[in-house]
Amino acid sequence: MDLGVRWRLHGDGRTPAPGAVVRPDERLSWPRTVGLGAQHVVAMFGASFVAPVLMGLDPNLAIMMSGLATVIFLLATRGRVPSYLGCSLSFVGVAAVIRAQGGSSAVVTGAVFVVGIALFLAGLAVQRFGARIIHATMPPIVTGAVVMLIGFNLAPVTAATYWPQDQWTALLTMLFTGLAVVCLRGFWSRIAIFLGLIFGYGISWVFDRIFGKIHSVSGGTEAVDHWRLDLSGVAKADWIGLPSFHGPSFEWSAILVALPVVIALIAENAGHVKAVGEMTGDPLDDKLGTAIAADGAASMLSTAVGGPPNTTYSENIGVMAATRVYSTAAYWAAAGFALLFGLCPKFGAVVAAIPGGVLGGITVILYGMIGLLGAQIWINAKVDLRNPLNLVPAAAGIIIGVGGVSLKFTDNFELSGIALGTLVVISGYHALRAMAPAHLKTQEPLLDAGTSTYDKDAEQDAAGQESAGQERGKEASKGSKGQPPVTRS
């Protein structure tokens with residue numbers, strides 16, 4: 001059985017020829033491959049270490065399990081899909097909601113474990129029936145809305161928890177991170193979040209030296225005097241040791257909050273597999289189901305021992321695009337580095353010591369970017385939000401998810417926020433589509449015909465304008481017979 005662990009040497013093993021790429025089944029010399037593996041670890045540093053801290057989980061265990069998850073993924077896909085699996089940011093909002101309801105870390109990981117099962121089963125379904133099952137049940141309007149409400153649901157966490165701990169450090173960290181994302185190029189732009197963390201660390205240390213302790217809320221409900229950067233835990237941590245493990249605990253209320261994230265993970269995996277296939281020139285549609293199932297299995301393994309869920313990382317896909325090295329050998333090296341970092345408690349203590357103000361500045365951008373990925377899904381799929389069939393369920397679900405609207409059934413059971421918003425988007429879209437008139441399903445009608453004129457109309461030649469006018473006249477005449485007018489731009 002070919003597990004994708006044999007690689008041909010590319011060229012002389014040093015530098016790819018101009019225009020050439022190092023394919024997944026090839027590698028450079030081992031020293032260079034190991035170096036690329038270290039680069040992949042650095043690329044996923046920011047998000048993969050921030051996410052477990054925001055979820056209240058052990059960052060050491062998170063990085064260790066990310067290494068194991070990557071190994072599982074590479075073996076399952078037979079080395080055809082070069083990707084790194086790191087801690088998923090999609091669950092940060094879920095963890096915040098569960099903890100706000102009094103849930104422990106075990107309840108958080110238990111809920112996410114069930115999500116891993118659902119993702120695994122979804123992968124098997126895609127493998128059996130093909131990618132069309134995804135498009136049928138979760139069209140872009142649905143996936144985009146769910147991703148958007150998951151990201152924007154996190155806004156209160158930043159506003160109420162992190163930012164108030166040190167607003168000036170948060171502001172400076174936000175500005176620096178934003179500049180790094182926009183102004184840096186190549187590899188450095190891929191690790192902008194990581195650079196923002198380093199900057200925030202430095203600013204916090206400088207402010208402690210200049211201004212002394214800050215009076216704010218830190219890990220409690222009352223404001224107290226405390227250092228912005230407290231490294232006392234780092235000094236006490238051992239250099240070598242195992243991270244802390246715990247088993248999952250299952251509560252229906254928490255599971256229902258977490259399950260909608262399955263949609264975001266499926267969309268994320270599908271997008272990443274497609275991107276990797278386009279870069280490598282190897283059509284990977286036949287591996288989409290396997291990739292989704294492998295992600296689910298890896299998340300189940302991680303959460304079973306108290307770690308966070310995992311997903312494929314776009315940061316590492318960006319590194320491949322910049323280096324044109326798609327060798328899975330580099331990802332095996334990255335997984336090895338992750339396992340070593342996971343066995344260093346002192347390293348985890350440094351991550352856990354990230355000041356609240358720094359997290360405030362980082363999460364303002366990070367959470368917004370997660371939400372806007374939903375808008376990107378709409379744009380890429382050319383979703384027309386002028387069509388009420390698309391607009392109504394998305395609008396209702398997003399407001400419910402972002403605003404934390406709740407629906408109480410009994411004293412012990414209610415749906416709210418992410419869970420209720422996702423349910424409204426999915427059920428609302430399919431129910432409305434079943435009842436909608438045919439012209440709303442096959443065409444792109446506008447809510448307001450006055451919004452249909454764009455600059456590109458002026459670029460049409462006279463014949464084109466005349467033809468378009470005739471078509472609009474015909475559609476308008478149809479509208480006078482009982483059907484709403486349809487205007488094409």
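Keep in mind it's a predicted model, so treat the numbers as computed, not measured.

Let's shift gears to the overall build of the protein chain. A count of helices and strands for the protein chain gives 23 helices and 8 strands. When each of the 489 residues of the protein chain is scored for burial, the buried share is 49%. Excluding contacts between residues fewer than 6 apart, the proportion of contacts in the protein chain whose partners are at least 24 apart in sequence is 77%. Carbon and sulfur atoms make up 63% of the accessible area of the protein chain, which amounts to about 22,200 Å² in all.

Moving on, we come to the environment of A267. Among the structural elements, A267 can be located in helix α14 (residues 261-280). A267 sits 127 residues away from P140 along the chain, and the two C-alpha atoms are 8.9 Å apart. Excluding its chain neighbours within four sequence positions, the residues that come into contact with A267 are T143 and I377.

As a further point, take the packing of aromatic side chains. Within the structure shown, the criterion is met by 4 aromatic pairs. Ring centres of F113 and F250 lie 6.0 Å apart, and the angle between their planes is 65 degrees; on these two criteria the pair is classed as edge-to-face. Of this pair, F113 sits in helix α5 (residues 105-129) while F250 sits in the loop between α12 (232-236) and α13 (252-258), and the two are 137 residues apart along the sequence. Given the relative accessible area of 18%, F113 is considered buried. Among the residues examined, F250 registers a relative accessible area of 47% and is labelled partly exposed. Judged by centre distance (4.3 Å) and plane angle (5 degrees), the rings of F176 and F199 are stacked. Highlighted residues: F176 in helix α9 (residues 167-183) and F199 in helix α11 (residues 192-211), separated in sequence by 23 residues. The class of F199 is partly exposed, set by a relative accessible area of 24%. It is R209 that lies over the ring of W227; its NZ or CZ is 5.7 Å from the centre. The positively charged end of K346 is found above the aromatic ring belonging to W239, 5.2 Å away from the centroid.

This part takes up the confidence of the model for the protein chain. When pLDDT is averaged along the protein chain, the result is 79; 85% of the residues meet or exceed 70. The low-confidence segment residues 476-489, where pLDDT is below 50, has 22 contacts with residues more than four positions distant or belonging to other chains.

On to the pattern of salt bridges, then. This model, assessed by the stated rule, comprises 6 salt bridges. In this structure, R80 engages D286 in a salt bridge whose closest nitrogen and oxygen atoms are separated by 2.9 Å. Taken together, the residues span a long stretch of sequence, with R80 in the loop between α3 (59-76) and β3 (85-87) and D286 in the loop between α14 and α15 (288-304) at a distance of 206 residues. R80 gets classed as partly exposed once you look at its relative accessible area, which sits at 24%. Its salt-bridge partner being D166, residue R228 comes within 3.1 Å of it at the nearest N-O pair. On the criterion of sequence distance, the pair formed by R228 in the loop between β5 (223-226) and α12 and D166 in the loop between α8 (155-162) and α9 is long-range, its members being 62 residues apart. An identical accessibility class is assigned to R228 and D166; each is buried. Three or more residues are tied together by salt bridges with common partners; here these are R8, D25 and E26.

This part is about unusual backbone geometry. Look at R78: it is not a glycine, yet its phi comes out positive at around 55 degrees. With respect to the helices and strands, the residue R78 is situated in the loop between α3 and β3. Notably, K382 is not glycine yet its phi reads approximately 55 degrees, a positive angle. Its place among the elements puts K382 in the loop between α19 (356-381) and α20 (388-403). Exposure remark for K382: the relative accessible area of 71% places this residue in the exposed category.

Reading the values: rules and limits
- Residues numbered from 1 in each chain as written.
- Predicted model: local features only at pLDDT ≥ 70, side-chain atom pairs only at ≥ 80, totals over all residues.
- Heavy atoms only, no water.
- Helix = DSSP H or I, 4+ residues; strand = E, 2+ residues; numbered from the N terminus.
- Buried < 20%, exposed > 50% of the residue type's maximum accessible area, 1.4 Å probe, protein only.
- Contact = heavy atoms within 4.5 Å.
- Areas by Shrake-Rupley, 256 points an atom, 1.4 Å probe, with all protein chains shown as cover.
- Phe/Tyr/Trp six-rings, centres within 6.5 Å; stacked < 30°, edge-to-face > 60°.
- Lys NZ or Arg CZ within 6 Å of the ring centre and 35° of its normal.
- pLDDT = per-residue confidence, 0-100.
- Salt bridge = Lys/Arg side-chain N within 4 Å of Asp/Glu carboxyl O.

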